[in-house]
Amino acid sequence: MSCVLGNLHYIVPMSWEERYQVGDTPWDKGAAAPPLIDLLQESPAYFGSETILVPGCGRGHDARAIAKAIPTAQTIGLDISVTALKLARTLDPDSQVEFQQVDFLTEGSFPHVSAIFEHTCFCAIDPSLRPSYAEACARLLPAGAHWIAIIFLTPRDIDDPTIGPPFQSSVPEITELFSPHFNLIESYRPKNTYAGRKGKELVMIWQRK
Ligand SMILES: C[S@@+](CC[C@H](N)C(=O)[O-])C[C@H]1O[C@@H](n2cnc3c(N)ncnc32)[C@H](O)[C@@H]1O
């Protein structure tokens, strides 16, 4: 969105809520992330069977895939956008996912969390606020539980002048934020991705100390 003030031309970034209201959501591929589908088939134990949180769930494709694969767990999708959550609830009314409006950085208290699944929420957070994201994960996960992340390392080419989220993320940044409270269990390039994301993603499994 842009606007003209006098002879100045400003780029005004849309909020997440506005983006869902106008349907400007290019990150939403209409289906769960392929690396998640593979992980649910190959290593479901990482998710545990208690409460599984999906921060920044958007329209809930990933959360629904988790709930379907692990029906014994309670999967909770969290987002700040009311409209995203409204859309998430209508996409499959039979899904067992619970959707809650929560600012993951500052709100939310959940008992017995066995995993947090991350996909394109971390990269959407302003880098200066990411320590709060890591602190929320450390606060919500008990010892032995997992932060399971599909990290979108390079949302756009490094010289793309587009301002705003999703921002770049890097392995050193994640290691610095998570290693004080988590041990890295696995890290790999996923073999299956959405079209156009090949080589841009990394799956990481971190276990709470
Ligand atoms: C790039 S979108 C990804 C959505 C979803 N994971 C997907 O792949 O379709 C980032 C999402 O994070 C949500 N979000 C941003 N900041 C948040 C916060 N502090 N707490 C919870 N959700 C947040 C946005 O509303 C948006 O739905």
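Here, every reference points to the structure presented above.
Residues numbered from 1 in each chain as written. Predicted model: local features only at pLDDT ≥ 70, side-chain atom pairs only at ≥ 80, totals over all residues. Heavy atoms only, no water.

Caption draft 1: Inspection of the nonpolar core at higher detail. Ranked by internal contacts, the top residues of the largest apolar core, which has 31 residues, are Ile116, Tyr133, Trp147 and Phe178. Elements with a minimum of two residues in this core: β4 (74-79), β6 (113-119), α5 (130-140), β7 (146-152), α6 (171-178) and β9 (201-208). It is α5 that provides the largest number of residues to this core, a total of six residues. Not counting residues up to four positions away in its chain, the partners in contact with Tyr133 are Pro55, Phe104, Leu105, Glu118, Cys121, Phe122, Ile125, Trp147 and Phe178. Grouped together as the second largest cluster of nonpolar side chains are 27 residues, Leu36, Phe47, Ile52 and Ala73 included. (Core = buried A, V, L, I, M, F, W, Y, C linked by side-chain atoms within 4.5 Å. Buried < 20%, exposed > 50% of the residue type's maximum accessible area, 1.4 Å probe, protein only. Helix = DSSP H or I, 4+ residues; strand = E, 2+ residues; numbered from the N terminus. Contact = heavy atoms within 4.5 Å.)

Caption draft 2: Here's a closer look at the packing of helix α2 (residues 34-42) against helix α3 (residues 61-69). Contact pair α2 / α3: the axes reach a minimum separation of 10 Å and the direction vectors enclose 15 degrees. In terms of axis orientation, α2 runs roughly parallel to α3. In this structure, α2 crosses over α3, and the sense of that crossing is right-handed. Contacts between α2 and α3 involve Leu36, Ile37 and Leu40 from the first element and Asp62, Ala65, Ile66 and Ala69 from the second. Taken together, the residues that form the contact of α2 with α3 break down as six nonpolar, no polar and one charged. (Axes fitted to C-alpha atoms, helices over the stretch in contact; angles between N-to-C directions. Parallel < 35°, antiparallel > 145°, perpendicular 65-115°, else oblique. Left-handed = near helix turned anticlockwise from the far one by under 90°. Nonpolar A, V, L, I, M, F, W, Y, C, P; charged D, E, K, R; others polar.)

Caption draft 3: The arrangement of unusual backbone geometry in detail. Although it is not a glycine, His112 adopts a positive phi angle of roughly 55 degrees. Topologically, His112 is positioned in the loop between β5 (98-101) and β6. Given the relative accessible area of 57%, His112 is considered exposed. One non-glycine residue, Thr120, lies in positive phi territory at about 60 degrees. Tracing the backbone shows Thr120 in the loop between β6 and α5.

Caption draft 4: Up close: the pairing of β4. Within β4, five of the six residues are buried, which leaves it mostly tucked inside the rest of the structure. Bridge count between strand β3 (residues 51-55) and β4: five bridges; the pairing is parallel. Bridge pairing links Ile52 to Thr75 in β4. Where β4 and β5 come together, four bridges link them in parallel fashion. Looking across to β5, one finds that Gly77 is bridged to Phe99. Note on the crossover from β4 through helix α4 (residues 82-91) to β5: the handedness is right-handed. (Pairing = 2+ DSSP bridges. Right-handed = clockwise from strand over helix to strand, strands pointing away.)

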